[in-house]
Amino acid sequence: MNIKNFINDKYVEPISGDWLDNYCPANGEIYGKLPNSSKDDVEEAYKAAKEAFPLWSQTTLDERSRILIRISELLEASLDRFAEAESKDNGKPISLAKSVDIPRAASNFRFFGNAITQFASESHESVGQQAVNYTLRQPLGVVGCISPWNLPLYLFTWKIAPALAAGNCVVAKPSEITPMTAYMLGEICNEAGLPKGVLNIVHGLGKTTGQAIVEHPDIKAISFTGGTTTGAHIAKKAAPMFKKLSLELGGKNPNIIFKDCDYDEMLHTTLRSSFSNQGQICLCGSRIFVEESLYKKFKKDFVEKVKQLKVGHPSEKATDIGALVSKQHLEKVLSYIEIAKKEDNTILCGGNQIIIEGYENGYYMQPTVIEVINDECSINQEEIFGPVVTIMPFKTEEEVLQMANKVKYGLSATLWTNDLRRTMRMTQALQAGIVWVNTWMLRDLRTPFGGVKASGIGREGGFEALRFFTEPKNICIKY
Ligand code: TXE
């Protein structure tokens, strides 16, 4: 089936007639095509958005909120259809798409539909100067949203919903590797009564379509989630145009385990934080550090549990680990196993591609645990973004803190301990945008989300996102 661009509330083909293949990771087959949109398609999308802006930016908050919440309801009503499409396009287990991806996409619209009605601006009485200052929060105009393949609709809507709520019109591009659910969203937006041109979705490669959005002189802001190298490239292109940027990039997150933790809870959650979504989540805790006195027991129990994880076709209920997103990505992840071996690390389990009967061309891989001897080795420093974690012991709090922080990334960190003083010391010292204590990926959409160092700039979530998608203008009136 052919995916089309969604411009001015219509599904349209790319002007150039240039198409890409869409692969199913579970069996390696091509099951459709998508546009590789050019500058001209992006221009059409921009024009539609520009035309829609005066009306949408003046739509009452009540009305905007109502439409966004309606989109959320329609997504919920189409849960099965969207989850099946997401699982097929991405390779993730259907159970995950049903319980996490699509519900969260619906929540994004509901949350920002509500949040915009609570978003207040400031006023300051300049006492003694007979003046009052107040700050308007005006939408930016046409903004660009570019999202990755790992949580396709979840992250696509995480950007679009606040942008629309704040009164902007949007030109958005999902990943070319997972375009399906973004394509399906257009229909839902029409049904919810989103006026034409307010949201425009263009498909295509990063270096053609994505770049055309970034380089468009009148697209005022770019909200991007993806790889760190791409983020740096976008920042370079956008800087001379003074575009607003929100960049959520890679992670190489530490999972720090102290002996005084709740062991069973930690073990269960660590399994999730290591291998959910085939390890393809920027928040996965891919570097596991365990207090020396607990290390032997943890290593035995963890490896035993990892070996029990079922790698299988994404549509099967029992599947814990589905297919990796693409052949190219599988090859990249497997290349890190070779690096690990060369650097004298020990593969405790996994490490190989899996061929599944009936789906021989699918991109499956064993969940892998690697014991490292040196925290500075490549597999402990570079983002692998697959079902691969490293483990190593530590002796002291100071030592583990130093190792945890000694990477170029700083997205999230997880800490397992029941010692309050240690919790306070460590949470303050960890270089990360998000720290979880005795849990992982517990999300409250009101909280700021984003990273430090090479994990990006800016924060999404809650009012932070609404601030990003608006320009403050201060007005000072002397009376
Ligand atoms: O991401 P890209 P890729 C990490 C992960 C992964 C690596 C590369 O380590 O292995 O990045 O993945 C669009 N101008 N993450 O290559 O290329 C692209 O079309 C404008 C972490 O798939 O960054 C897609 O829509 N746009 C991550 C989006 O950017 C461009 C999630 C992301 O693609 C562009 C995914 C350009 N020049 C990968 N080039 C996370 N933080 O969760 C590409 N794009």
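Asker: Break down the side chain of Asn5 for me, with residues and values.
Answerer: Here Asn5 shows up in strand E1 (residues 5–7). A polar contact is formed between the side chain of Asn5 and the side chain of Ser37, at a distance of 2.9 Å. Looking at Asn5, its side chain comes within polar contact range of the main-chain nitrogen of His203, at 2.8 Å. In this view, Asn5 contacts Lys10, Tyr11, Val12, Pro14, Pro35, Ser37, Asp41, Ile201, Val202 and His203; residues no more than four positions away in its chain are not counted.

Asker: Could you give me a rundown of the site of the ligand, with the residues and numbers involved?
Answerer: Around the ligand sit 27 residues, and of these Trp149, Lys173, Glu176, Lys332 and Glu383 come closest. Between the ligand and the protein, one listed contact pairs an oxygen atom with a backbone N or O atom of Gly227 at 2.8 Å. Taking 810 Å² as the accessible area of the ligand by itself, protein coverage stands at 86%. Listing elements by their share of the shell around the ligand, those giving two or more residues are helix H7 (206–215), strand E10 (221–225), helix H8 (228–238) and helix H11 (327–342). In terms of residue count, the dominant contributor to the shell around the ligand is H7 (four residues). Among the residues forming the shell around the ligand, the class breakdown is 10 nonpolar, 12 polar and five charged.

Asker: Hey, could you go over the sheet that holds strand E12 (residues 254–257) for me, with residue numbers and the actual values?
Answerer: Strand order in the open sheet formed by seven strands is E14-E17-E18-E13-E12-E20-E21, and the pairing between neighbours is mixed. Across the chains shown, the open sheet's two edge strands, defined by having one partner strand only, are strand E14 (346–349) and strand E21 (434–437). Sheet twist, expressed as the average angle between the axes of neighbouring strands with direction ignored, equals 25°. Alignment of E14 against strand E17 (residues 368–371), held across three bridges, turns out to be antiparallel. Across the sheet, the residue bridging to Ile347 is Ile370, located in E17.

Asker: Requested: an account of the pattern of salt bridges, with residues and values cited.
Answerer: Enumeration over the complete set of coordinates arrives at 24 salt bridges. Close ionic contact of Lys159 with Glu460 constitutes a salt bridge, the shortest N to O distance being 2.7 Å. One end of the pair, Lys159, is in helix H5 (residues 152–165); the other, Glu460, is in the loop between strand E23 (456–457) and helix H15 (462–468), and 301 residues separate them in sequence. Each of the two residues, Lys159 as well as Glu460, counts as buried. For Lys395, the salt bridge is made with Glu292, and the minimal N-O distance between the two is 3.8 Å. Here Lys395, found in the loop between strand E18 (388–394) and helix H13 (397–405), pairs with Glu292, found in helix H10 (residues 292–308); they are 103 residues apart in sequence, far enough to count as distant. Accessibility expressed as a relative area gives 59% for Lys395, which makes it exposed. A residue is classified by how much of its surface remains accessible, and Glu292, at 42% relative accessible area, is partly exposed. One salt-bridge network, in which partners are shared between bridges, spans Asp260, Glu397, Arg422 and Arg425.

Asker: Can you tell me about the packing of H5 against helix H6 (residues 180–192), naming the residues and giving the values?
Answerer: Viewed as axis vectors pointing N to C, H5 and H6 meet at an angle of 50°, and their least axial separation amounts to 8 Å. As judged from the angle between their axes, H5 and H6 are oblique. Seen along the crossing, H5 lies across H6 with a hand that is right-handed. Contact residues: H5 offers Pro152, Leu153, Phe156 and Thr157, while H6 offers Thr181, Ala182 and Leu185. When grouped by side-chain class, the residues that make up the contact of H5 with H6 number five nonpolar, two polar and no charged.

Asker: Can you tell me about the pairing of strand E11 (residues 244–248), naming the residues and giving the values?
Answerer: Most of E11 is tucked away: four of the five residues are buried. Of the strand pairs in this sheet, E10 and E11 are connected by five bridges, and their pairing is parallel. Of the residues in E11, the one forming a bridge with Phe224 is Leu247. Taken together, the two bridges between E11 and E23 define a ladder with antiparallel strand orientation. Residue pairing for E23: Leu247 is matched across the bridge by Ile457.

Asker: Run through the nonpolar core, naming residues and quoting values.
Answerer: In this structure, Ile71, Leu283, Phe298 and Phe302 are the most contacted members of the largest nonpolar core, which totals 125 residues. Take this core: its biggest share by element is 10 residues, from H5. When residues of this core are sorted by domain, at least three fall in each of domain 1 (5–249 + 453–478) and domain 2 (254–437). If sequence neighbours within four positions are ignored, Ile71 has contacts with Phe109, Leu185, Ile188, Cys189 and Ala192.

Asker: I'd like a description of the sheet that holds strand E24 (residues 470–478), backed by residues and values.
Answerer: Across a sheet, paired strands are connected by hydrogen bonds in the backbone, their directions being either parallel or antiparallel. Taken in spatial order, the three strands make up an open sheet running E5-E6-E24, and their pairing is antiparallel. One side of each edge strand has no neighbouring strand; the edge strands of this open sheet are strand E5 (123–126) and E24. Mean inter-strand twist for the sheet, computed between neighbouring axes without regard to direction, equals 20°. Two strands pair when backbone bridges link them, and E5 and strand E6 (residues 131–139) are joined in this way by four bridges, in the antiparallel orientation. Within E6, the residue paired with Glu125 across the bridge is Val132.

Asker: Describe the domain arrangement of the protein chain, and please don't skip the residues or the numbers.
Answerer: As far as domains go, the protein chain holds domain 1 (5–249 + 453–478) and domain 2 (254–437). A C-alpha centroid distance of 31 Å is found between domain 1 and domain 2. With 25 residues of domain 1 in contact, the opposing surface of domain 2 contributes 29 residues. In total, about 2100 Å² of surface goes out of reach between domain 1 and domain 2, with carbon and sulfur atoms giving 58% of it. Sorting the residues of domain 1 by area buried against domain 2 places Ala26, Trp149 and Lys453 first, and these three jointly supply 25% of that buried surface. Across the domain 1-domain 2 interface, the total number found is zero salt bridges. Put simply, domain 1 and domain 2 have 13 residue pairs in polar contact (both at pLDDT 80 or more) between them. Secondary-structure elements contributing two or more residues to the side of domain 1 that touches domain 2 are helix H3 (79–90) and helix H4 (94–115). With three residues, the single largest contributor to the side of domain 1 that touches domain 2 is H4. Here the residues of the side of domain 1 that touches domain 2 sort into 11 nonpolar, 10 polar and four charged.

Each value, and the rule that gives it
- Residues numbered from 1 in each chain as written.
- Predicted model: local features only at pLDDT ≥ 70, side-chain atom pairs only at ≥ 80, totals over all residues.
- Heavy atoms only, no water.
- Helix = DSSP H or I, 4+ residues; strand = E, 2+ residues; numbered from the N terminus.
- Polar contact = N/O pair within 3.5 Å; in protein donor to acceptor, adjacent residues only side chain to side chain.
- Contact = heavy atoms within 4.5 Å.
- Near = heavy atom within 4 Å.
- Areas by Shrake-Rupley, 256 points an atom, 1.4 Å probe, with all protein chains shown as cover.
- Nonpolar A, V, L, I, M, F, W, Y, C, P; charged D, E, K, R; others polar.
- Pairing = 2+ DSSP bridges.
- Axes fitted to C-alpha atoms, helices over the stretch in contact; angles between N-to-C directions.
- Salt bridge = Lys/Arg side-chain N within 4 Å of Asp/Glu carboxyl O.
- Buried < 20%, exposed > 50% of the residue type's maximum accessible area, 1.4 Å probe, protein only.
- Parallel < 35°, antiparallel > 145°, perpendicular 65-115°, else oblique.
- Left-handed = near helix turned anticlockwise from the far one by under 90°.
- Core = buried A, V, L, I, M, F, W, Y, C linked by side-chain atoms within 4.5 Å.
- Domains from an automatic or database assignment.
- Buried area = accessible area lost by both parts, 1.4 Å probe.

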